[in-house]
Protein chains: 2
Amino acid sequence: MDFMKPETVLQLPNIRQALIRMEDTIVFDLIERSQFYSSPSVYEPNKYNIPNFNGSFLDWSLLQMEKTHSQVRRYEAPDEVPFFPDELLPPILPPVEYPSVLASYTKEINVNKEILNFYVNEIVPQISCKAGDQQENLGSVSVCDIDTLQALSRRIHFGKFVAEAKYQADKEGYKKLILAKDIKGIEESITNSAVEEMILDRLVEKGKTYGVDPSMRYSQNPQSKVQPEIIAKLYKDYVIPLTKKVEVDYLLRRLEDEE
Amino acid sequence: MDFMKPETVLQLPNIRQALIRMEDTIVFDLIERSQFYSSPSVYEPNKYNIPNFNGSFLDWSLLQMEKTHSQVRRYEAPDEVPFFPDELLPPILPPVEYPSVLASYTKEINVNKEILNFYVNEIVPQISCKAGDQQENLGSVSVCDIDTLQALSRRIHFGKFVAEAKYQADKEGYKKLILAKDIKGIEESITNSAVEEMILDRLVEKGKTYGVDPSMRYSQNPQSKVQPEIIAKLYKDYVIPLTKKVEVDYLLRRLEDEE
């Protein structure tokens, strides 16, 4: 996705292609995380006595990462949404002048709290290789967690581009739905069940393909590093519904920018 | 690899399994990096005016990452080697008491400068999707670079475990080679050409398998995101020789610990 060419950013085929490519990243990240234990200590608030910090070990690690990345302009990009928007640092590089494509309030649409919540409570227990802690791997675990969370966040908030593209294609239709606060109607307008089914099928294939060492493919028990069905279920239960929430939240406010 | 169980760490089958698993990580990382331009600006010293810093944008990003990771004990682990060993911060967590498995001077064996050099000059130009800069992706590029560099560094310095295992298996033989400073003899003793061939074949398979969206596998032109032969060549020309260098450097000093 080339954000410097705004005329290409809102074309649905380009958005879909970007979303498909992000699946690979998310599957890779889940496979990497699956090497480690569930590691509840990483997620327990104040389990470790970190100076001047109130939160979990993951919160601390994620915040350090976001502080560094904010210095190099990560959160200026229209497809990046921080988990700690109030604690970022000023960039040390000159700003990138992104052509504006999304609505003015787009940075306020942020479901990262929900993402962190389902990731820690639903994903980690299902994909980690074993329950429990392994003290010496806390750092490695948090590195994998951060990669996965950032990939999920980017994927889910990409719904904003989908929403804007749909809005542009039918301004009058959306105006009616928005003025009537017809959330159900908006949801229906952005739902494409056939595409959703294809996503889930493709995720199972990707989980199988990327999760098995190909030189073991013909062995008796070529176990996938992460169960492919779990990846599909996580998309079905969390990624797709939260993406829709982003789209609906974005569309509900869309007339603010028309006034 | 469970470093808390030292009796398992020096068993060659366990070391090999760990090395094979690291290939997946490296292939994933190369695939992720291939989404972006070569981005020479990221690697040019003082291209950006970063306050109080002398070096490239990648150097700066890598140093921030290492500072944070050192605070959570990354470089206490026997398989992690920093790129900036003189600029780390003290840990904020209590130390992990790793059973000692490697020689006392092991942290002094560090080929990260060579790794950074071949990565920037040989890998990046061959795997990036296009030559040139894309200003708005510098941050994303450096994130991929750091992941890849850390994975390569871990893989290459894992040679220390191979070296120690071989030394333990034939102390008398190595004593003679070391006293005679017979570098050629040590190299021959640690070289297994059949295993090396298998690694290269497996990398081609992994590049093909992980680099192609499986739902496109039967399309007319299922192009791999990174050319699998390039991954094998990088191992052949850099990863394997540098691993051997680590092994030889480690073994040459091994009698220091016997005195």
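Residues numbered from 1 in each chain as written. Chains lettered and ligands numbered in written order. Predicted model: local features only at pLDDT ≥ 70, side-chain atom pairs only at ≥ 80, totals over all residues. Heavy atoms only, no water.

The name recorded for chain A in an unreviewed UniProt entry is Chorismate mutase, from [Candida] anglica. Its UniProt record gives chain A a comment under Catalytic activity (unreviewed entry), which states: "chorismate = prephenate". (UniProt positions renumbered as here; feature names shortened; annotations may be inferred.)

J.: Please explain the packing of helix α7 (residues 171–179) of chain B against helix α8 (residues 183–190) of chain B as it appears in this structure.
T.: For any two helices packed against each other, the geometry comes down to the angle between their axes and how far apart the axes lie. Residue and element names in this part refer to chain B. Relative orientation of the contacting elements α7 and α8 amounts to 145 degrees, with a least axis distance of 8 Å. Read as a crossing pair, α7 and α8 show a hand that is left-handed. Judged by residue contacts, Y174, L177 and I178 of α7 engage G185, I186, S189 and I190 from α8. Within the contact of α7 with α8, the residues separate by chemical class into five nonpolar, two polar and no charged. (Axes fitted to C-alpha atoms, helices over the stretch in contact; angles between N-to-C directions. Helix = DSSP H or I, 4+ residues; strand = E, 2+ residues; numbered from the N terminus. Left-handed = near helix turned anticlockwise from the far one by under 90°. Contact = heavy atoms within 4.5 Å. Nonpolar A, V, L, I, M, F, W, Y, C, P; charged D, E, K, R; others polar.)

J.: Mind showing me how you'd approach the interface of chain A and chain B here?
T.: A common way to express how large an interface is: the accessible area buried when the components associate. Each partner contributes residues to the interface: chain A has 45 residues there, and chain B has 46 residues. Buried area between chain A and chain B, both sides added, is near 3,700 Å², and the carbon and sulfur share of it is 61%. There are six salt bridges connecting chain A and chain B. Applying the counting criterion to the chain A and chain B interface returns 13 residue pairs in polar contact (both at pLDDT 80 or more). Across the side of chain A that touches chain B, the residue classes break down as 20 nonpolar, 11 polar and 14 charged. (Buried area = accessible area lost by both parts, 1.4 Å probe. Salt bridge = Lys/Arg side-chain N within 4 Å of Asp/Glu carboxyl O. Polar contact = N/O pair within 3.5 Å; in protein donor to acceptor, adjacent residues only side chain to side chain.)

J.: What is the right way to read the relation of the copies chain A and chain B from this model?
T.: For the pair of chain copies, the relating transformation is a rotation about an axis with a translation along it. If you rotate chain A by 180 degrees and push it 0.0 Å along the axis, it lands on chain B with an RMSD of 0.0 Å. Given the turn and translation reported, the copies of this chain are related as if by a two-fold rotation axis. Among all residues of chain A, the one whose C-alpha sits closest to the rotation axis is Y210(A), at a distance of 2.6 Å. A symmetric contact is evident, with 100% of the interface residues of chain A recurring at the interface of chain B. (Least-squares fit on C-alpha atoms with pLDDT ≥ 70 in both.)

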